[in-house]
Amino acid sequence: MDYLVVKNLDVAVIVLYFAAVIGNGLYWSSKARHSGDFLLGGKSFGIFSTLCTQGATMKGSGALMGYSAGAYVNGAGVLIPSQCYSLGAWGAILSGIARKLKKCSNIIDIRSSGDLFLKRFDSPILKKLSGIGGAWLALSIMSGNMAAVGLLIHLLFNKYGLTFEMSLIIGMTITIIYTTLGGLMAVVHNDVLQWLIMTPLIFIVVPVMLVVYGGATPAAIHKTLDSAQYFSLRPNIWWLGYLLSGVLAACCDVNHLTRFITAKNEKTAVKGSLLGFTFCTLLAGLVIFFGLTAAMLIDPAVVGDNKDGVILALVSRILPPGLVGLFLAATLAMTISTIDSNLNTSVLCITVDVIEPSLPEDISEKAKLFYCRIVNFVIAALSIFFVLKVKGIVAIMGMGFNVYSSAFFVPLMSCMFWGKANEKGCLAGILTGGAMAIVAINMKLPLPVVWGVAVSLVCTVIVSLLTCNEKNRRGLLPGFDERGKKIDRQIFIACTLGACGSLIFSIGVGLWINWICIVAGVVGMIACIHTLDAAFKDYQAEA
């Protein structure tokens, strides 16, 4: 791929980045002394750590390279589909899940989504199914990013004879070292490091260089590119479909739920996640700008059929040696942050929901920590093997995303919020929703997650109502049993302002530039933070 030009200085920067990641991970690994630290980081992460890990986890190199390629070909219309998962994540906060789940985890020691089913319905089978499903979802996301890491390292070092297979193993070995030793404690603090690397590069350095040295001024871009093709935000039915898919998937994403649980307190869970999702929403606008700039500067013949590489061609043309390496380090940071978080989540799901219930009750913390590390290593090693050896594994595992959301969205929401839900209804919803998603995928029906969730909803409600009686009816869990709380209404208002503000701001940047959207977006985001801080000030005073 001749369009990516890498100098020796760039290679040195990448090597230094890997050394920093390993060193930072090993340092924080020494802080993980028992299984609670390994799996949940002691539930002690503050607002900034939560911001960084939520933001870094959600956006991998697929978002940076894939959506910039989409804008390169189709223009700013790609912006809305690129935001759907971020907007869905906002739904997990404004619906009250973040605050209530954190409160619940403090009262009855919730560690996973499987624990929610166990504590509410006393159902070991739902707990195990939730653990297996959550691990599958995490591995689905992880597999694609593993391939991306292998490709990026291969592009950087192929002139030294490094094959894709060797590159994949090197990238994953770095991740395995600190995740196996430190668990979530190392993962989150490496997410902080990697967020600090990628944010100034992607939000400041690259945009400035594109404008100053690439001539990507608003006037130049609008003069060069066809308005009908590149600057149309005309809505269509697919936007609604993508939005529904994003909301359904993000609200029950085990990564988000884990970060809510591991935050220091309720305010941290809400505000840290809110800021992290704001970061992701704003990032999408910049990525669209990168794609539009590439459409102005990069000849299609340079990248050929591999449009995903257009962002690499762009930075090779604009950035000097050293900064190219820093940009690639930022891209690797995005990808590795997604990998390590999903690896840790899969270990959490398997250990807490599947293995731990079978262990002796008097097992020591040292033994639990040993099991956690063994599970981490085994899952990572098996993932490498499958990505390397099984043909089409990324596409196959990609099915897991639709299947998990179809199976678990309705039962999980019912477990948290619906008083008449019971074990049989949730079990019916999981089985039928997952099966319907598989059928929809095989029949090539559009938006299989919508089909799966619809069937899951019908079965969960009907079976729960038919089998619900006073003997098996169980009340909602602590936190979720609250009704009419002022704090929840204020969080809803704040998150609505924040989601709308950050989306409008990203549209203003993606259209390069609409100042009305940018100003309106800033006003919305400021109002969001002010409303949220005032809400928690009153809430803490009442407590």
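Because the structure is predicted, anything quoted here is derived from the model rather than measured.

Procedures and definitions
Residues numbered from 1 in each chain as written. Predicted model: local features only at pLDDT ≥ 70, side-chain atom pairs only at ≥ 80, totals over all residues. Heavy atoms only, no water. Helix = DSSP H or I, 4+ residues; strand = E, 2+ residues; numbered from the N terminus. Rg over C-alpha atoms; globule rule 2.2 N^0.38 Å. Buried < 20%, exposed > 50% of the residue type's maximum accessible area, 1.4 Å probe, protein only. Areas by Shrake-Rupley, 256 points an atom, 1.4 Å probe, with all protein chains shown as cover. Lys, Arg positive; Asp, Glu negative; His and termini not counted. Charge placed at Lys NZ, Arg CZ, Asp CG, Glu CD. Phe/Tyr/Trp six-rings, centres within 6.5 Å; stacked < 30°, edge-to-face > 60°. Core = buried A, V, L, I, M, F, W, Y, C linked by side-chain atoms within 4.5 Å. Contact = heavy atoms within 4.5 Å. 1 Å grid on protein atoms, 1.4 Å probe; cavity = no way out; pocket = protein on both sides within 12 Å on 5 of 7 lines; lining within 4 Å. Points joined across faces, edges and corners; volume = space filled by probe spheres on them. Nonpolar A, V, L, I, M, F, W, Y, C, P; charged D, E, K, R; others polar. Expected span 1.5 Å × (residues − 1). Polar contact = N/O pair within 3.5 Å; in protein donor to acceptor, adjacent residues only side chain to side chain. Salt bridge = Lys/Arg side-chain N within 4 Å of Asp/Glu carboxyl O.

**Points about the overall build of the chain**
Next up, step 1: The helix and strand tally for the chain stands at 23 helices and 0 strands.
Next up, step 2: Here the chain has a C-alpha radius of gyration of 23 Å; the compact-globule value for 543 residues is 24 Å, and the two agree.
Next up, step 3: With the C-alpha coordinates aligned to their principal axes, the bounding extent of the chain is approximately 70 × 55 × 50 Å.
Next up, step 4: Out of the 543 residues belonging to the chain, those deemed buried represent 58%.
Next up, step 5: Per element, the accessible surface of the chain, about 20900 Å² overall, is 68% carbon and sulfur.
Next up, step 6: Looking at charge distribution, the chain has the averaged site of its 39 positive side-chain charges lying 3 Å from that of its 28 negative ones.

**Side note on the packing of aromatic side chains**
Aromatic ring pairs are reported here in terms of the distance separating the ring centres and the angle at which the planes meet.
Next up, step 1: Per the counting criterion, the structure on display carries 10 aromatic pairs.
Next up, step 2: For the ring pair Phe 289 and Trp 512, a centre distance of 3.8 Å and an interplane angle of 20° mean the geometry is stacked. With Phe 289 in helix α14 (residues 266-297) and Trp 512 in the loop between α22 (486-510) and α23 (515-542), this residue pair connects regions lying 223 residues apart in the sequence.
Next up, step 3: Overall, the relative accessible area of 0% leaves Phe 289 in the buried class.

**Section: the nonpolar core**
Next up, step 1: Membership of the largest hydrophobic core comes to 162 residues, with the highest contact counts inside it found for Tyr 17, Leu 101, Leu 116, Ile 221, Phe 290 and Leu 328.
Next up, step 2: Among the elements that take part in this core, α14 stands out by supplying 17 residues, more than any other.
Next up, step 3: Other than its neighbours up to four places away in sequence, Ile 221 contacts Ala 216, Phe 231, Phe 289, Leu 292, Thr 293, Met 296 and Trp 512.
Next up, step 4: Phe 45, Met 185, Val 187 and Val 188 belong to the second-largest nonpolar core, a separate cluster that totals 5 residues.

**What to know about empty space enclosed by the protein**
Next up, step 1: Summed over the entire model, instances satisfying the criterion amount to 2 cavities of 30 Å³ or more.
Next up, step 2: Taken as a whole, the largest cavity encloses approximately 70 Å³ of empty space.
Next up, step 3: The wall of the largest cavity is formed by Leu 101, Arg 111, Ser 112, Ser 113, Leu 116, Val 254, Leu 257, Thr 258, Ile 261, Leu 348 and Cys 349.
Next up, step 4: Contributing elements (two or more residues each) for the lining of the largest cavity: α7 (113-121), α13 (254-262) and α17 (323-355).
Next up, step 5: For the lining of the largest cavity, the element with the most residues is α13, which contributes 4 residues.
Next up, step 6: Considering only residue class, the lining of the largest cavity consists of 7 nonpolar, 3 polar and 1 charged.
Next up, step 7: By volume, the second largest cavity is sized at about 40 Å³.
Next up, step 8: Lys 59, Ala 63, Tyr 67, Ser 82, Leu 283, Ala 284 and Val 287 together form the lining of the second largest cavity.

**Focus on the environment of Asn 255**
Next up, step 1: Within the secondary structure layout, Asn 255 lies in helix α13.
Next up, step 2: Not counting chain neighbours up to four residues away, the residues in contact with Asn 255 comprise Thr 57, Ile 141, Ser 341, Asn 342 and Thr 345.

**Points about the environment of Leu 196**
Next up, step 1: With respect to the helices, strands and loops of the structure, Leu 196 is situated in helix α9 (residues 164-212).
Next up, step 2: For Leu 196, a relative accessible area of 44% corresponds to the partly exposed category.
Next up, step 3: In this structure, the C-alpha to C-alpha distance between Leu 196 and Ala 330, residues 134 residues apart in sequence, is 9.0 Å.

**What to know about α14**
Next up, step 1: The terminal C-alpha atoms of α14, which comprises 32 residues, lie 47 Å apart, in line with the 46 Å expected from a rise of 1.5 Å per residue.
Next up, step 2: With 30 of 32 residues buried, α14 lies mostly within the body of the structure.
Next up, step 3: Where α14 begins, the capping side chain belongs to Asn 265, and its oxygen is found 3.3 Å from the backbone nitrogen of Lys 267.

**So, the pattern of salt bridges**
Next up, step 1: Counting across every chain of the model gives 12 salt bridges.
Next up, step 2: Here Arg 99 makes a salt bridge to Glu 482, at a shortest N to O gap of 2.6 Å. One end of the pair, Arg 99, is in helix α6 (residues 97-108); the other, Glu 482, is in the loop between α21 (448-467) and α22, and 383 residues separate them in sequence. Glu 482 carries the same exposure label as Arg 99, and that label is buried.
Next up, step 3: With its nearest N and O atoms 3.8 Å apart, the salt bridge here joins Asp 488 to Lys 100. Here the residue Asp 488 occupies a position in helix α22, and Lys 100 occupies one in helix α6, the gap between them amounting to 388 residues. Each member of the pair, Asp 488 together with Lys 100, is buried.
Next up, step 4: Through salt bridges with shared partners, a single network forms among Arg 99, Lys 100, Lys 103, Glu 266, Glu 482 and Asp 488.

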